[in-house]
Amino acid sequence: MTNVLISGGGVAGTALAYWLHRYGFTVTVVERAPAPRLGGHTVDLRGAAREVVERMGLLQDARRVAVDSKGMSYVNAAGRRVADMPASFLGGVGVVGEVEILRGDLIELLHGATGDGTEYVFDDTITEVTQTAENVRVAFERSAPRVFDLVVGADGTHSLTRSLVFGPESRFRRDLGCYTAYFTARNVFGIQDWELFHNMPGQKLAALRPSRRPEDAKVLFGFASKPLEYDHRDQRRQKELVAEVFAGAGWHVPAMLREMEAATDFYFDSATQIVMDSWSHGRVALLGDAGFSPSPLGGNGTGLALVGAYVLAGELAAAGGDHTAAFAAYEREMRDFVRQNHQLPPGGVNGFVPKSRTAIRMRDLSIRLMPHLPWAGLIAKAMNRADAVTLKDYPYSRARA
Ligand SMILES: Cc1cc2nc3c(=O)[nH]c(=O)nc-3n(C[C@H](O)[C@H](O)[C@H](O)COP(=O)(O)OP(=O)(O)OC[C@H]3O[C@@H](n4cnc5c(N)ncnc54)[C@H](O)[C@@H]3O)c2cc1C
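Conventions adopted
- Residues numbered from 1 in each chain as written.
- Predicted model: local features only at pLDDT ≥ 70, side-chain atom pairs only at ≥ 80, totals over all residues.
- Heavy atoms only, no water.
- Helix = DSSP H or I, 4+ residues; strand = E, 2+ residues; numbered from the N terminus.
- Contact = heavy atoms within 4.5 Å.
- Patch = residues over 30% accessible without salt bridge, like charges linked within 9 Å, V, L, I, M, F, W, Y side chains within 5 Å.
- Areas by Shrake-Rupley, 256 points an atom, 1.4 Å probe, with all protein chains shown as cover.
- Salt bridge = Lys/Arg side-chain N within 4 Å of Asp/Glu carboxyl O.
- Buried < 20%, exposed > 50% of the residue type's maximum accessible area, 1.4 Å probe, protein only.
- Near = heavy atom within 4 Å.
- Polar contact = N/O pair within 3.5 Å; in protein donor to acceptor, adjacent residues only side chain to side chain.
- Nonpolar A, V, L, I, M, F, W, Y, C, P; charged D, E, K, R; others polar.

A. The side chain of Ser-295, seen in detail. The residue Ser-295 is located in helix 9 (residues 295-298) in this model. With near-sequence residues (within four places) excluded, Ser-295 lies in contact with Leu-176, Ala-271, Thr-272, Gln-273 and Leu-344.

B. Main features of a nonpolar patch on the surface. A grouping of Met-362, Leu-365 and Leu-369 is seen on the molecular surface, where their side chains present a nonpolar patch of about 280 Å² in accessible area. As for its position among the elements, Met-362 is in helix 13 (residues 357-369). For Met-362, a relative accessible area of 53% translates into the label exposed.

C. The arrangement of the site of the ligand in detail. Near the ligand there are 26 residues, and of these Ala-12, Glu-31, His-41, Arg-103 and Asp-289 occur at the shortest range. One nitrogen or oxygen atom from the side chain of Asp-289 is found 2.6 Å from an oxygen atom belonging to the ligand. For the ligand, whose accessible area on its own is 920 Å², the fraction buried by protein is 90%. Elements with a contribution of two residues or more to the shell around the ligand: helix 1 (11-22), strand 2 (26-31) and helix 10 (301-318). When residues in the shell around the ligand are grouped by element, the largest group, three residues, is from helix 10. For the shell around the ligand, the class distribution of residues is eight nonpolar, eleven polar and seven charged.

D. Looking closely at the pattern of salt bridges. This model, assessed by the stated rule, comprises 26 salt bridges. A salt bridge links Glu-215 to Arg-213; the shortest N-O distance between them is 3.5 Å. The partly exposed category is assigned to Glu-215, whose relative accessible area is 43%. Exposure remark for Arg-213: the relative accessible area of 43% places this residue in the partly exposed category. Measuring nitrogen to oxygen at the nearest pair gives 2.6 Å for the salt bridge that ties Asp-336 to Arg-339. With Asp-336 and Arg-339 both in helix 11 (residues 323-341) and three residues apart, the pair spans about one turn of that helix. Given the relative accessible area of 35%, Asp-336 is considered partly exposed. Residue class for Arg-339 comes out partly exposed when judged on its relative accessible area of 47%. Each of Arg-162, Glu-169, Arg-173 and Asp-175 takes part in one network of salt bridges that share partners.

In C-alpha coordinates:
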(Lines give C-alpha, C1' and ligand atoms only; values in the text may rest on other atoms or scores of the structure.)
Protein backbone atom coordinates (compact mmCIF):
# COMPACT_ATOMS: atom_id res chain seq x y z
CA MET A 1 0.00 0.00 0.00
CA THR A 2 1.52 3.31 -1.01
CA ASN A 3 0.87 5.91 1.64
CA VAL A 4 0.40 9.41 0.15
CA LEU A 5 0.10 12.78 1.91
CA ILE A 6 -1.63 15.56 -0.04
CA SER A 7 -1.07 19.09 1.26
CA GLY A 8 -4.13 21.21 0.37
CA GLY A 9 -7.79 20.21 0.09
CA GLY A 10 -8.84 22.46 -2.81
CA VAL A 11 -9.91 21.22 -6.25
CA ALA A 12 -6.52 19.64 -7.05
CA GLY A 13 -6.08 17.96 -3.66
CA THR A 14 -9.55 16.46 -3.38
CA ALA A 15 -9.58 15.31 -7.03
CA LEU A 16 -6.22 13.58 -6.52
CA ALA A 17 -7.50 11.99 -3.29
CA TYR A 18 -10.47 10.64 -5.25
CA TRP A 19 -8.35 8.95 -7.93
CA LEU A 20 -5.64 7.65 -5.59
CA HIS A 21 -8.27 6.11 -3.33
CA ARG A 22 -9.93 4.50 -6.34
CA TYR A 23 -6.58 2.92 -7.29
CA GLY A 24 -6.04 1.53 -3.77
CA PHE A 25 -3.57 4.05 -2.31
CA THR A 26 -3.79 5.13 1.33
CA VAL A 27 -4.47 8.86 1.29
CA THR A 28 -4.24 11.65 3.88
CA VAL A 29 -5.18 15.23 3.03
CA VAL A 30 -3.98 18.05 5.28
CA GLU A 31 -5.86 21.34 4.84
CA ARG A 32 -4.96 24.55 6.60
CA ALA A 33 -8.56 25.76 6.86
CA PRO A 34 -10.82 24.31 9.59
CA ALA A 35 -13.19 22.89 6.92
CA PRO A 36 -13.22 22.67 3.10
CA ARG A 37 -12.87 26.21 1.67
CA LEU A 38 -15.98 26.64 -0.41
CA GLY A 39 -15.61 30.24 -1.63
CA GLY A 40 -15.24 31.41 -5.20
CA HIS A 41 -17.24 32.01 -8.32
CA THR A 42 -18.26 29.56 -10.99
CA VAL A 43 -15.59 27.48 -12.68
CA ASP A 44 -16.28 25.92 -16.03
CA LEU A 45 -16.13 22.24 -16.75
CA ARG A 46 -15.29 21.95 -20.40
CA GLY A 47 -13.12 19.85 -22.66
CA ALA A 48 -10.81 17.39 -20.93
CA ALA A 49 -11.83 18.58 -17.43
CA ARG A 50 -15.47 17.78 -18.15
CA GLU A 51 -14.36 14.37 -19.39
CA VAL A 52 -12.43 13.76 -16.14
CA VAL A 53 -15.50 14.64 -14.07
CA GLU A 54 -17.54 12.28 -16.25
CA ARG A 55 -15.00 9.48 -15.70
CA MET A 56 -15.38 10.08 -11.96
CA GLY A 57 -19.10 9.49 -12.42
CA LEU A 58 -19.85 13.00 -11.12
CA LEU A 59 -21.00 14.83 -14.25
CA GLN A 60 -24.71 14.35 -13.59
CA ASP A 61 -24.29 15.64 -10.04
CA ALA A 62 -22.34 18.61 -11.41
CA ARG A 63 -25.07 19.39 -13.91
CA ARG A 64 -27.65 19.22 -11.12
CA VAL A 65 -25.93 22.06 -9.23
CA ALA A 66 -24.78 23.97 -12.33
CA VAL A 67 -25.41 27.71 -12.50
CA ASP A 68 -27.57 28.83 -15.38
CA SER A 69 -25.34 31.38 -17.07
CA LYS A 70 -26.43 32.50 -20.52
CA GLY A 71 -23.22 34.38 -21.19
CA MET A 72 -21.28 37.49 -20.24
CA SER A 73 -21.81 41.01 -21.34
CA TYR A 74 -19.73 44.15 -21.08
CA VAL A 75 -21.83 47.05 -19.77
CA ASN A 76 -21.20 50.77 -19.76
CA ALA A 77 -21.49 53.08 -16.74
CA ALA A 78 -25.25 53.40 -17.34
CA GLY A 79 -25.57 49.60 -17.20
CA ARG A 80 -26.35 49.26 -20.93
CA ARG A 81 -25.00 46.06 -22.53
CA VAL A 82 -22.50 47.06 -25.21
CA ALA A 83 -20.83 43.75 -26.14
CA ASP A 84 -22.22 40.26 -25.53
CA MET A 85 -20.46 36.93 -25.37
CA PRO A 86 -23.27 34.38 -25.19
CA ALA A 87 -22.42 30.86 -24.00
CA SER A 88 -22.36 29.83 -27.68
CA PHE A 89 -19.75 32.52 -28.54
CA LEU A 90 -17.35 31.19 -31.22
CA GLY A 91 -18.70 27.68 -30.72
CA GLY A 92 -18.47 27.77 -26.92
CA VAL A 93 -14.88 28.93 -26.31
CA GLY A 94 -15.89 32.19 -24.61
CA VAL A 95 -15.85 33.07 -20.93
CA VAL A 96 -18.94 31.00 -20.09
CA GLY A 97 -18.45 27.26 -20.49
CA GLU A 98 -20.64 24.26 -21.13
CA VAL A 99 -21.14 23.42 -17.43
CA GLU A 100 -20.67 26.31 -15.00
CA ILE A 101 -20.46 25.15 -11.40
CA LEU A 102 -19.61 27.06 -8.25
CA ARG A 103 -16.10 26.25 -7.04
CA GLY A 104 -17.53 25.48 -3.60
CA ASP A 105 -20.09 23.04 -5.05
CA LEU A 106 -17.34 21.28 -7.01
CA ILE A 107 -15.23 20.87 -3.86
CA GLU A 108 -18.24 19.55 -1.95
CA LEU A 109 -18.88 17.00 -4.72
CA LEU A 110 -15.23 15.90 -4.76
CA HIS A 111 -15.02 15.83 -0.99
CA GLY A 112 -18.18 13.73 -0.78
CA ALA A 113 -16.89 11.34 -3.43
CA THR A 114 -13.60 10.67 -1.62
CA GLY A 115 -15.84 9.10 0.99
CA ASP A 116 -14.73 7.32 4.08
CA GLY A 117 -11.55 6.03 2.49
CA THR A 118 -9.58 9.29 2.76
CA GLU A 119 -8.25 10.76 6.00
CA TYR A 120 -8.78 14.54 6.19
CA VAL A 121 -6.78 16.56 8.71
CA PHE A 122 -8.19 20.10 8.90
CA ASP A 123 -6.76 23.13 10.63
CA ASP A 124 -3.18 21.98 10.21
CA THR A 125 -0.24 22.40 7.89
CA ILE A 126 3.06 20.75 7.14
CA THR A 127 6.10 22.55 8.57
CA GLU A 128 9.02 20.33 7.50
CA VAL A 129 9.62 17.74 4.81
CA THR A 130 12.65 15.44 5.02
CA GLN A 131 13.23 12.92 2.26
CA THR A 132 15.26 9.70 2.33
CA ALA A 133 15.58 7.10 -0.42
CA GLU A 134 12.79 5.07 1.24
CA ASN A 135 10.25 7.61 2.45
CA VAL A 136 9.35 11.18 3.45
CA ARG A 137 9.18 12.33 7.06
CA VAL A 138 6.73 15.20 7.55
CA ALA A 139 6.36 17.48 10.56
CA PHE A 140 3.08 19.34 11.16
CA GLU A 141 2.13 22.47 13.05
CA ARG A 142 -0.37 20.61 15.29
CA SER A 143 -0.24 16.88 14.57
CA ALA A 144 2.61 14.55 15.49
CA PRO A 145 5.25 13.90 12.77
CA ARG A 146 4.47 11.09 10.34
CA VAL A 147 6.17 9.10 7.60
CA PHE A 148 4.71 8.78 4.07
CA ASP A 149 5.86 7.11 0.86
CA LEU A 150 5.02 10.16 -1.24
CA VAL A 151 3.92 13.79 -0.71
CA VAL A 152 1.95 15.90 -3.19
CA GLY A 153 1.75 19.67 -2.77
CA ALA A 154 -1.69 20.84 -3.91
CA ASP A 155 -1.64 23.86 -1.64
CA GLY A 156 -2.29 26.62 -4.18
CA THR A 157 -0.30 29.38 -5.83
CA HIS A 158 1.59 30.24 -2.62
CA SER A 159 2.36 26.57 -1.92
CA LEU A 160 4.28 25.88 1.26
CA THR A 161 5.26 22.44 -0.06
CA ARG A 162 6.93 24.18 -3.01
CA SER A 163 8.80 26.61 -0.75
CA LEU A 164 10.01 23.82 1.56
CA VAL A 165 11.11 21.39 -1.15
CA PHE A 166 11.76 23.32 -4.38
CA GLY A 167 12.82 26.80 -3.26
CA PRO A 168 11.40 30.27 -2.67
CA GLU A 169 8.27 31.41 -4.51
CA SER A 170 10.17 34.27 -6.18
CA ARG A 171 12.02 31.71 -8.36
CA PHE A 172 8.81 30.43 -9.92
CA ARG A 173 6.29 33.27 -9.92
CA ARG A 174 5.47 35.35 -12.98
CA ASP A 175 3.42 38.33 -11.87
CA LEU A 176 1.01 39.75 -14.41
CA GLY A 177 0.73 43.16 -12.71
CA CYS A 178 -2.88 42.70 -11.75
CA TYR A 179 -5.01 41.77 -8.70
CA THR A 180 -8.41 40.12 -8.37
CA ALA A 181 -10.90 39.87 -5.49
CA TYR A 182 -13.89 37.50 -5.31
CA PHE A 183 -16.76 37.25 -2.84
CA THR A 184 -20.43 36.45 -2.43
CA ALA A 185 -22.89 39.32 -1.92
CA ARG A 186 -26.64 39.66 -1.37
CA ASN A 187 -28.23 40.00 -4.80
CA VAL A 188 -29.26 43.62 -4.26
CA PHE A 189 -28.28 44.15 -7.93
CA GLY A 190 -31.05 42.02 -9.46
CA ILE A 191 -28.48 39.93 -11.33
CA GLN A 192 -30.09 37.02 -13.18
CA ASP A 193 -28.60 34.74 -15.80
CA TRP A 194 -26.04 37.00 -17.48
CA GLU A 195 -22.62 37.91 -16.11
CA LEU A 196 -22.10 41.68 -16.28
CA PHE A 197 -18.58 43.13 -16.59
CA HIS A 198 -17.91 46.86 -16.32
CA ASN A 199 -14.49 48.24 -17.22
CA MET A 200 -13.36 51.68 -16.08
CA PRO A 201 -10.48 53.78 -17.41
CA GLY A 202 -7.37 53.33 -15.27
CA GLN A 203 -7.37 49.53 -15.72
CA LYS A 204 -10.20 48.64 -13.33
CA LEU A 205 -12.94 46.06 -13.66
CA ALA A 206 -16.04 45.38 -11.56
CA ALA A 207 -18.22 42.39 -12.40
CA LEU A 208 -21.39 40.73 -11.15
CA ARG A 209 -22.20 37.10 -11.80
CA PRO A 210 -25.19 34.92 -10.98
CA SER A 211 -24.92 32.35 -8.23
CA ARG A 212 -26.91 29.13 -7.80
CA ARG A 213 -29.15 30.81 -5.22
CA PRO A 214 -31.03 33.73 -6.82
CA GLU A 215 -30.71 35.71 -3.56
CA ASP A 216 -26.90 35.70 -3.94
CA ALA A 217 -24.63 37.40 -6.46
CA LYS A 218 -20.94 36.83 -7.05
CA VAL A 219 -18.74 39.93 -7.14
CA LEU A 220 -15.40 40.27 -8.89
CA PHE A 221 -13.02 43.21 -8.74
CA GLY A 222 -9.88 43.34 -10.89
CA PHE A 223 -7.27 46.07 -11.27
CA ALA A 224 -3.77 46.56 -12.63
CA SER A 225 -1.19 47.65 -10.11
CA LYS A 226 2.46 47.66 -9.23
CA PRO A 227 3.28 44.97 -6.63
CA LEU A 228 1.35 45.66 -3.41
CA GLU A 229 2.65 44.99 0.09
CA TYR A 230 0.11 43.10 2.23
CA ASP A 231 -0.18 40.04 4.41
CA HIS A 232 -1.80 37.08 2.57
CA ARG A 233 -3.89 36.30 5.65
CA ASP A 234 -4.96 39.88 6.47
CA GLN A 235 -8.39 40.16 4.81
CA ARG A 236 -9.17 43.48 6.51
CA ARG A 237 -6.18 45.12 4.80
CA GLN A 238 -7.01 43.45 1.48
CA LYS A 239 -10.58 44.81 1.61
CA GLU A 240 -9.17 48.27 2.36
CA LEU A 241 -6.90 48.03 -0.69
CA VAL A 242 -9.85 47.17 -2.94
CA ALA A 243 -11.99 49.96 -1.41
CA GLU A 244 -9.19 52.50 -2.01
CA VAL A 245 -8.82 51.51 -5.69
CA PHE A 246 -12.57 51.65 -6.40
CA ALA A 247 -13.49 54.69 -4.29
CA GLY A 248 -15.69 57.06 -6.32
CA ALA A 249 -16.38 54.55 -9.14
CA GLY A 250 -19.82 54.40 -10.76
CA TRP A 251 -22.23 51.67 -11.94
CA HIS A 252 -23.02 49.25 -9.03
CA VAL A 253 -19.60 49.70 -7.46
CA PRO A 254 -20.68 51.62 -4.29
CA ALA A 255 -23.17 48.84 -3.40
CA MET A 256 -20.57 46.17 -4.26
CA LEU A 257 -18.09 47.81 -1.87
CA ARG A 258 -20.74 47.94 0.87
CA GLU A 259 -21.44 44.23 0.36
CA MET A 260 -17.72 43.48 0.48
CA GLU A 261 -17.57 44.72 4.09
CA ALA A 262 -19.76 41.84 5.29
CA ALA A 263 -18.42 39.15 2.93
CA THR A 264 -17.18 36.07 4.79
CA ASP A 265 -15.74 34.27 1.75
CA PHE A 266 -13.63 37.19 0.47
CA TYR A 267 -10.66 35.95 -1.59
CA PHE A 268 -7.94 38.29 -2.87
CA ASP A 269 -4.77 37.51 -4.76
CA SER A 270 -2.34 38.75 -7.35
CA ALA A 271 -2.76 37.36 -10.85
CA THR A 272 0.31 35.15 -10.79
CA GLN A 273 1.47 32.32 -12.98
CA ILE A 274 3.70 29.60 -11.58
CA VAL A 275 6.32 28.42 -14.06
CA MET A 276 8.59 25.50 -13.16
CA ASP A 277 11.00 23.27 -15.09
CA SER A 278 10.01 20.25 -13.06
CA TRP A 279 7.05 19.39 -10.82
CA SER A 280 8.79 16.71 -8.81
CA HIS A 281 11.77 16.36 -6.56
CA GLY A 282 12.48 12.88 -5.21
CA ARG A 283 9.30 11.64 -3.55
CA VAL A 284 7.51 15.00 -3.64
CA ALA A 285 5.39 16.28 -6.55
CA LEU A 286 3.33 19.42 -7.15
CA LEU A 287 -0.18 19.62 -8.59
CA GLY A 288 -2.63 22.37 -9.57
CA ASP A 289 -1.84 26.02 -8.86
CA ALA A 290 1.10 24.94 -6.66
CA GLY A 291 2.94 23.64 -9.73
CA PHE A 292 1.42 25.45 -12.68
CA SER A 293 -1.07 28.17 -11.82
CA PRO A 294 -2.18 29.83 -15.08
CA SER A 295 -3.60 32.78 -13.03
CA PRO A 296 -7.28 33.81 -13.14
CA LEU A 297 -6.49 35.74 -16.34
CA GLY A 298 -5.30 32.62 -18.12
CA GLY A 299 -8.40 30.84 -16.81
CA ASN A 300 -8.78 27.07 -16.68
CA GLY A 301 -6.83 26.68 -13.41
CA THR A 302 -9.55 24.29 -12.29
CA GLY A 303 -9.35 22.36 -15.56
CA LEU A 304 -5.58 21.96 -15.17
CA ALA A 305 -6.06 20.82 -11.56
CA LEU A 306 -8.70 18.22 -12.48
CA VAL A 307 -6.78 16.85 -15.46
CA GLY A 308 -3.47 16.94 -13.54
CA ALA A 309 -5.00 14.93 -10.68
CA TYR A 310 -6.34 12.36 -13.13
CA VAL A 311 -2.97 12.00 -14.88
CA LEU A 312 -0.80 11.98 -11.74
CA ALA A 313 -2.91 9.32 -10.02
CA GLY A 314 -3.22 7.28 -13.23
CA GLU A 315 0.53 7.29 -13.82
CA LEU A 316 1.24 6.33 -10.20
CA ALA A 317 -1.17 3.42 -10.51
CA ALA A 318 0.22 2.38 -13.90
CA ALA A 319 3.85 2.51 -12.68
CA GLY A 320 3.11 -0.02 -9.94
CA GLY A 321 4.96 1.83 -7.22
CA ASP A 322 7.80 3.33 -9.30
CA HIS A 323 7.21 6.98 -8.41
CA THR A 324 10.21 8.18 -10.47
CA ALA A 325 8.70 6.72 -13.66
CA ALA A 326 5.23 7.98 -12.70
CA PHE A 327 6.36 11.56 -12.04
CA ALA A 328 8.26 11.61 -15.35
CA ALA A 329 5.19 10.37 -17.23
CA TYR A 330 2.99 12.95 -15.43
CA GLU A 331 5.32 15.70 -16.69
CA ARG A 332 5.28 14.31 -20.23
CA GLU A 333 1.50 14.10 -20.37
CA MET A 334 0.84 17.51 -18.79
CA ARG A 335 3.65 19.78 -19.98
CA ASP A 336 2.16 20.92 -23.29
CA PHE A 337 -1.37 21.25 -21.87
CA VAL A 338 0.01 23.53 -19.16
CA ARG A 339 2.10 25.52 -21.64
CA GLN A 340 -0.93 26.17 -23.82
CA ASN A 341 -3.06 27.19 -20.85
CA HIS A 342 -0.41 29.68 -19.73
CA GLN A 343 -1.08 31.72 -22.86
CA LEU A 344 -3.29 34.65 -21.96
CA PRO A 345 -6.48 35.46 -23.91
CA PRO A 346 -6.26 38.18 -26.60
CA GLY A 347 -4.86 41.43 -25.19
CA GLY A 348 -3.55 39.81 -21.99
CA VAL A 349 -3.86 42.11 -18.97
CA ASN A 350 -4.84 45.01 -21.25
CA GLY A 351 -7.73 42.92 -22.59
CA PHE A 352 -8.93 42.19 -19.05
CA VAL A 353 -8.50 45.78 -17.81
CA PRO A 354 -8.01 48.13 -20.81
CA LYS A 355 -6.18 51.38 -20.06
CA SER A 356 -8.37 54.11 -21.45
CA ARG A 357 -11.96 54.82 -22.48
CA THR A 358 -10.90 54.46 -26.13
CA ALA A 359 -9.21 51.12 -25.43
CA ILE A 360 -12.38 49.88 -23.70
CA ARG A 361 -14.47 50.90 -26.74
CA MET A 362 -12.03 49.17 -29.10
CA ARG A 363 -12.17 45.98 -27.05
CA ASP A 364 -16.00 46.05 -27.07
CA LEU A 365 -16.03 46.62 -30.82
CA SER A 366 -13.64 43.73 -31.43
CA ILE A 367 -15.93 41.41 -29.44
CA ARG A 368 -18.97 42.50 -31.46
CA LEU A 369 -17.08 41.93 -34.71
CA MET A 370 -15.25 38.71 -33.82
CA PRO A 371 -17.99 36.17 -34.67
CA HIS A 372 -18.42 37.79 -38.13
CA LEU A 373 -14.75 37.72 -39.18
CA PRO A 374 -13.86 35.26 -41.94
CA TRP A 375 -11.12 33.88 -39.67
CA ALA A 376 -13.45 33.50 -36.64
CA GLY A 377 -12.96 29.72 -36.82
CA LEU A 378 -9.19 30.15 -36.45
CA ILE A 379 -9.66 32.46 -33.45
CA ALA A 380 -12.00 29.89 -31.87
CA LYS A 381 -9.42 27.15 -32.43
CA ALA A 382 -6.65 29.24 -30.88
CA MET A 383 -8.85 30.05 -27.86
CA ASN A 384 -9.85 26.44 -27.25
CA ARG A 385 -7.21 25.21 -24.80
CA ALA A 386 -9.54 23.06 -22.72
CA ASP A 387 -9.19 20.24 -25.23
CA ALA A 388 -5.42 20.57 -25.71
CA VAL A 389 -4.66 17.21 -24.11
CA THR A 390 -5.65 13.65 -24.90
CA LEU A 391 -6.66 11.72 -21.82
CA LYS A 392 -5.03 8.32 -21.61
CA ASP A 393 -7.00 5.39 -20.29
CA TYR A 394 -5.69 4.04 -17.01
CA PRO A 395 -6.96 0.88 -15.34
CA TYR A 396 -10.42 1.65 -13.84
CA SER A 397 -10.30 5.25 -15.05
CA ARG A 398 -13.64 5.01 -16.87
CA ALA A 399 -16.72 5.81 -14.78
CA ARG A 400 -18.22 2.81 -13.08
CA ALA A 401 -21.84 2.09 -13.87
C1 LIG B 1 -11.32 30.41 -1.38
C2 LIG B 1 -10.89 30.36 -2.83
C3 LIG B 1 -11.67 30.99 -3.80
C4 LIG B 1 -11.28 30.94 -5.14
N5 LIG B 1 -12.08 31.56 -6.06
C6 LIG B 1 -11.76 31.51 -7.36
C7 LIG B 1 -12.60 32.11 -8.35
O8 LIG B 1 -13.63 32.66 -8.04
N9 LIG B 1 -12.21 32.06 -9.65
C10 LIG B 1 -11.05 31.44 -10.02
O11 LIG B 1 -10.73 31.42 -11.21
N12 LIG B 1 -10.23 30.84 -9.11
C13 LIG B 1 -10.56 30.86 -7.80
N14 LIG B 1 -9.75 30.26 -6.88
C15 LIG B 1 -8.56 29.53 -7.37
C16 LIG B 1 -8.98 28.19 -7.98
O17 LIG B 1 -9.66 27.42 -7.01
C18 LIG B 1 -7.73 27.46 -8.46
O19 LIG B 1 -7.06 28.27 -9.41
C20 LIG B 1 -7.99 26.14 -9.17
O21 LIG B 1 -9.19 25.53 -8.83
C22 LIG B 1 -6.84 25.16 -8.88
O23 LIG B 1 -7.07 24.59 -7.61
P24 LIG B 1 -5.95 24.23 -6.54
O25 LIG B 1 -6.56 23.13 -5.73
O26 LIG B 1 -4.64 24.05 -7.18
O27 LIG B 1 -5.81 25.56 -5.65
P28 LIG B 1 -6.81 26.17 -4.57
O29 LIG B 1 -8.23 26.05 -5.00
O30 LIG B 1 -6.29 27.51 -4.25
O31 LIG B 1 -6.66 25.21 -3.29
C32 LIG B 1 -5.53 25.18 -2.48
C33 LIG B 1 -5.95 24.66 -1.11
O34 LIG B 1 -4.77 24.51 -0.31
C35 LIG B 1 -5.02 25.03 0.97
N36 LIG B 1 -3.73 25.41 1.54
C37 LIG B 1 -2.96 26.48 1.26
N38 LIG B 1 -1.84 26.45 1.98
C39 LIG B 1 -1.89 25.33 2.74
C40 LIG B 1 -1.01 24.73 3.68
N41 LIG B 1 0.15 25.29 4.00
N42 LIG B 1 -1.37 23.57 4.26
C43 LIG B 1 -2.57 22.98 3.96
N44 LIG B 1 -3.44 23.50 3.07
C45 LIG B 1 -3.10 24.66 2.47
C46 LIG B 1 -5.97 26.18 0.74
O47 LIG B 1 -6.67 26.51 1.93
C48 LIG B 1 -6.86 25.61 -0.34
O49 LIG B 1 -7.94 24.88 0.21
C50 LIG B 1 -10.09 30.27 -5.52
C51 LIG B 1 -9.30 29.65 -4.55
C52 LIG B 1 -9.68 29.68 -3.21
C53 LIG B 1 -8.83 28.98 -2.17
